[in-house]
Amino acid sequence: MSFCSLKKIPLLILLCLILCCGCSSDSKPAVPNASCRKFDRFTSDYFDQQLTGNGFQLHFLLKDTSKYPDAVMSFGEYSYEAMKASQKGLISEILSLKRISYASLDVKRKQTYDILMHYFQRKLDFSDLCLCLQDLSPTLGIQAQLPVLLSEYEFHSKKDIEQYFTLLRSLPSYYAGICDFQKKKAKHHCFLHEETCKKIIGQCNHFIDEKTLSENILMTSFQSRINACAFLTQKEQQSYMKTNEKIIRQQIVPAYQTLADTLSSLMTAGYCNGINGLCTMKGGKDYYEYLVHDYTGCSRSVPEIKAQIQSALLTDVKHLQSLLRENSTRLNRLDSTTSSSPSDILKDLSQKMTADFSEFQNIPFQLKSVNQTLQNYLSPAFYITPPLDERSKNTIYINPAKTENLYPVLAHEGLPGHMYQNSFFSSTNPPKIRYLLDCGGYSEGWAVYAELLSYSYQFPETAVAEIHRIHSSFSLALYCLCDIGVNYEGWNYSHLKHFLSDYNITEDEVCNQMFEAVIEDPANYLKYYVGYLQVIELRDYVKNKAGSSFSLKQFHNALLSIGPADFDVVKKWILYEYFNEKKTG
C-alpha cells in the first residue's frame, strides 16, 4: 500500500492509500472444473505466500491473522539484490499461469487471469531499472508514509502489541537497507535532486526533534490505541507506553537520524549535482517509460499519452473560453470554499450522487485528523482501506493545516471516490488476490473522475460547476505535460517556466512548486489524469456501443464490478459487464 498525492494551481495535495480491492463467482453456482480448481489454488497460494513473508502487510489486510502463525513480522527485505531477484519470481508466476487452461475457466476467473497476467508482465521490467526507483520523497516517500501506516496498526490482543514492538525494533535494519540502496543509486548517478534531498533531511530532523517528540504520531497514536484496549489493566497500559517510548528513542530516532545523515553525506559529496528529471539519470528515460505504464495502467507510448493530454487540454481551454464569453459575471460566483464540516460534506455527497450511482446505505467510516508533526507534509485528506475481514473500518484523514475546498477532496477520497469504489467492489466478493495488486491508474483515475463530477453536486449553476471542473482538469493536464517535459524530454526549470508562460502562469512561486512536484514524484500526476482520461474514454466507448439506451449508472456499475486493472483488460470486459448489468440490474 502506498500514498498518492496531487497538486493543482494553486497548490493542492491529495494524499491517499492505494485501494485494496478484492473472490468472485458466477451468478449461477456451479461445480468448478479442474482448471478452475487449479486456478483457485494458484491465487490462494500466491496470496498466502505474500502475506506469510510480510507480517506488516498481513496485519493491514486481515484483522484475524491466526491463519498465518509463521508470518515474518518485518517490513520485508529492502535491498538491490532483492529487487533484482523479484524478476525470477514474476517469471515463475507467469509460467504457472500459462500452465492453466484459460479456455476452461469461467468468465470471472478469466477476468482475474487477465488482470494477473497483465500485472505480472507490467512489473517484470522493474528489476533491470530499479536503481532509478524514487523511494524517498517529501510526500510519497517511505519515511513520510511509514509513520501514518504504523499509527493505523490496530491492537486486538497482547500479541498484536508485542508484534508491533517487533516491527518497530526492525525499523533500524530496514532503514539501513534503504540507506545502502541510496548509496548504490548515488554511485550509479541516480540520486536525488538537491532540493528534494534537503526537504527529506529537514522532514526527518523535524520528525525526531526532541522538542516535539512527545507529540510525534508514533507517541500519540500509540497512547490512544492502548487506552482503547479494554483487555489491558491500567498498569499494563502504562508499562506498554513506557516500552513504546523507549523503542522510539532507542530505535526510531536513530533510524531517522541515520537516514538524514546518509542523505546529507551523499549530498555533500556532490551526488545531487546534475540530477534534475529522471531522464538525467543513467537509464532514467527507460525507467520513466516503465513508470508511466506501471502507474497509469495504459499501454500507449509516452508520446501518444502526451498527445492525448494536449488534446484534452485544448478542449478544456476552448470550452472555458466559451463559458466565460456567454456570461463573464459568472467569475463573481466562483468561490469554492466551504464552511461545512467533513461529515456534512460526505452526507451531502451521499444524497446528491444517487442519480448517477447505485446507492449504498450508510457506508461506515471514521474521520481522523493528521498529526501535527506531519501536517506540513501531508495532504488535505486521504483514505485508508479496511482489512478484508472488517470491511466497516473505512478511515478518512483530514489535515487541519490545509484549508482548501474540501468538497471535491472528500468526493475524491470518500463518496463517490475511493471509499465508494472500495465498498462497491468488495460487495462483489472478488478473489483475495486482487487485494495485493497495485493498479493506481484505475483507482486514481476513478477518484479524479468522481472529484470532477462532484462540482456538479457542489454548485447548482451548471456553468459555475463546469468552470471549476475545467480548472481542475486544466491544472492536472499542465502538471502532466510538465512531468513529461522534465522527466522524459529533459526540461530544466527555465524550459518549464517558458512553457507555463504560454498559459499566463508566470509567478515564480507557482512555477517552483510545479517543478519541484514533478521532480519529487515522477509520473505521479499521470496516474491521476491519464487514469481519468481512460475512464472518460471507456465511458464514451460504452455509450457509443449502447446507443440511446446508455445508462451512466449502469456504466459506473460495470466499471466498478471489474475493479482495479490495467485499462486494456478493463476495455476487454467492460461491454460484457455493462450488458450483463443491463439484464440483471
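Above this text you will find the structure in question.
Helices and strands together make up the secondary structure of the protein chain, namely 21 helices and 5 strands. In the protein chain, which comprises 585 residues, the proportion classed as buried is 58%. Accessible surface for the protein chain amounts to roughly 23,800 Å². Of this, 50% is attributable to carbon and sulfur atoms. Side-chain charges in the protein chain split into 59 positive and 62 negative, and the spacing between the mean points of these groups amounts to 4 Å.

With that settled, consider the pairing of strand β5 (residues 394-398). The element β5 is extensively covered by neighbouring structure, given that 5 of its 5 residues are classed as buried. Of the two faces of β5, both are covered, the one formed by Asn394, Ile396 and Ile398 as well as the one formed by Thr395 and Tyr397. In the sheet, strand β3 (residues 365-369) pairs with β5 via 5 bridges, with the strands oriented parallel. Paired with Lys368 across the strands is Tyr397, a residue of β5. Note: strand β4 (residues 381-384) against β5, 4 bridges, orientation antiparallel. Each residue of the ladder has a partner; that of Phe382, found in β5, is Tyr397.

Tallied over the full model, the rule gives 27 salt bridges. One salt bridge in this structure joins Glu154 and Lys393, with 3.1 Å as the shortest N-O distance. Here Glu154 is found in the loop between α5 (142-151) and α6 (158-187), whereas its partner Lys393 is found in the loop between β4 and β5, with 239 residues between them in sequence. On the accessibility criterion, Lys393 (25% relative accessible area) is partly exposed. Through salt bridges that share partners, Arg122, Lys123, Asp294, Asp438 and Asp566 make up one connected network.

Let's shift gears to the state of the cysteines. One way to say it: the disulfide is the covalent bond shared by the sulfur atoms of two cysteines. According to the stated counting rule, one finds 0 disulfides in the structure shown. Cysteine Cys190 shares no disulfide, and the gap to the nearest cysteine sulfur, in Cys132, comes to 3.8 Å. Classification of Cys190 by relative accessible area gives buried; the value is 0%. Summary of cysteine pairing: Cys272 is not part of a disulfide, and the nearest cysteine sulfur, belonging to Cys197, is at 4.3 Å. For Cys272, a relative accessible area of 4% puts it in the buried group.

Turning to the sheet that holds β4, a few remarks are in order. Reading across from one edge, β3-β5-β4 is the order of the 3 strands in this open sheet, with mixed pairing throughout. The sheet is open, and its two borders are formed by β3 and β4, each paired with just one other strand. For this sheet, the mean inter-axis angle between neighbouring strands, taken without regard to orientation, is 25 degrees. On the sheet, helix α14 (residues 418-427) packs against β3, β4 and β5 and is oriented at approximately 175 degrees with respect to β5.

What follows concerns the packing of aromatic side chains. Per the counting criterion, the structure on display carries 41 aromatic pairs. Measuring from centroid to centroid gives 5.0 Å for Tyr102 and Tyr113, while their planes differ by 65 degrees, and the two rings are edge-to-face. With Tyr102 in the loop between α3 (80-98) and α4 (107-123) and Tyr113 in helix α4, this pair connects stretches of sequence that are 11 residues apart. Relative accessible area serves as the criterion here: at 25%, Tyr102 is assigned to the partly exposed category. The ring of Tyr164 carries Arg225 above its face, with NZ or CZ at 4.9 Å from the centroid. Just above the ring of Tyr488 sits the side chain of Lys285; from NZ or CZ to the centre is 4.6 Å.

Now for helix α12 (residues 342-352). Residues of α12 that are buried include every one of Pro342, Ile345, Leu346 and Leu349, and no others. Angular distribution of buried residues about the axis of α12 spans 95 degrees; they occupy a single face of the element. Packed against the buried residues of α12 are β3, β5, α13 (406-413) and α15 (440-458).

The next thing to look at is a positive patch on the surface. Taken together, the side chains of Arg37, Lys38, Arg41 and Arg99 make up a positively charged region of the molecular surface. Here Arg37 lies in helix α1 (residues 34-52).

Turning next to the side chain of Asp356. For Asp356, the location among the structural elements is in the loop between α12 and β3. Within the buried core, Asp356 has no salt-bridge partner, and the shortest N-O distance to an opposite charge, that of Lys553, equals 7.8 Å. In terms of polar contacts, Asp356 uses its side chain to reach the side chain of Tyr457, at 2.6 Å.

This part is about the environment of Arg539. Mapped onto the secondary structure, Arg539 falls in helix α19 (residues 524-546). The exposure class assigned to Arg539 is partly exposed, which follows from its relative accessible area of 24%. Ignoring anything within four residues of it in the chain, the contact list for Arg539 reads Tyr449, Phe550, Leu552 and Phe555. Within the local environment of Arg539, its side chain forms a polar contact with the side chain of Asp540, the two groups lying 3.4 Å apart.

Cut-offs applied
- Residues numbered from 1 in each chain as written.
- Predicted model: local features only at pLDDT ≥ 70, side-chain atom pairs only at ≥ 80, totals over all residues.
- Heavy atoms only, no water.
- Helix = DSSP H or I, 4+ residues; strand = E, 2+ residues; numbered from the N terminus.
- Buried < 20%, exposed > 50% of the residue type's maximum accessible area, 1.4 Å probe, protein only.
- Areas by Shrake-Rupley, 256 points an atom, 1.4 Å probe, with all protein chains shown as cover.
- Lys, Arg positive; Asp, Glu negative; His and termini not counted.
- Charge placed at Lys NZ, Arg CZ, Asp CG, Glu CD.
- Pairing = 2+ DSSP bridges.
- Salt bridge = Lys/Arg side-chain N within 4 Å of Asp/Glu carboxyl O.
- Disulfide = S-S within 2.5 Å.
- Axes fitted to C-alpha atoms, helices over the stretch in contact; angles between N-to-C directions.
- Contact = heavy atoms within 4.5 Å.
- Phe/Tyr/Trp six-rings, centres within 6.5 Å; stacked < 30°, edge-to-face > 60°.
- Lys NZ or Arg CZ within 6 Å of the ring centre and 35° of its normal.
- Arc of directions from axis to C-beta.
- Patch = residues over 30% accessible without salt bridge, like charges linked within 9 Å, V, L, I, M, F, W, Y side chains within 5 Å.
- Polar contact = N/O pair within 3.5 Å; in protein donor to acceptor, adjacent residues only side chain to side chain.

These values are about where atoms sit, not about what they do.
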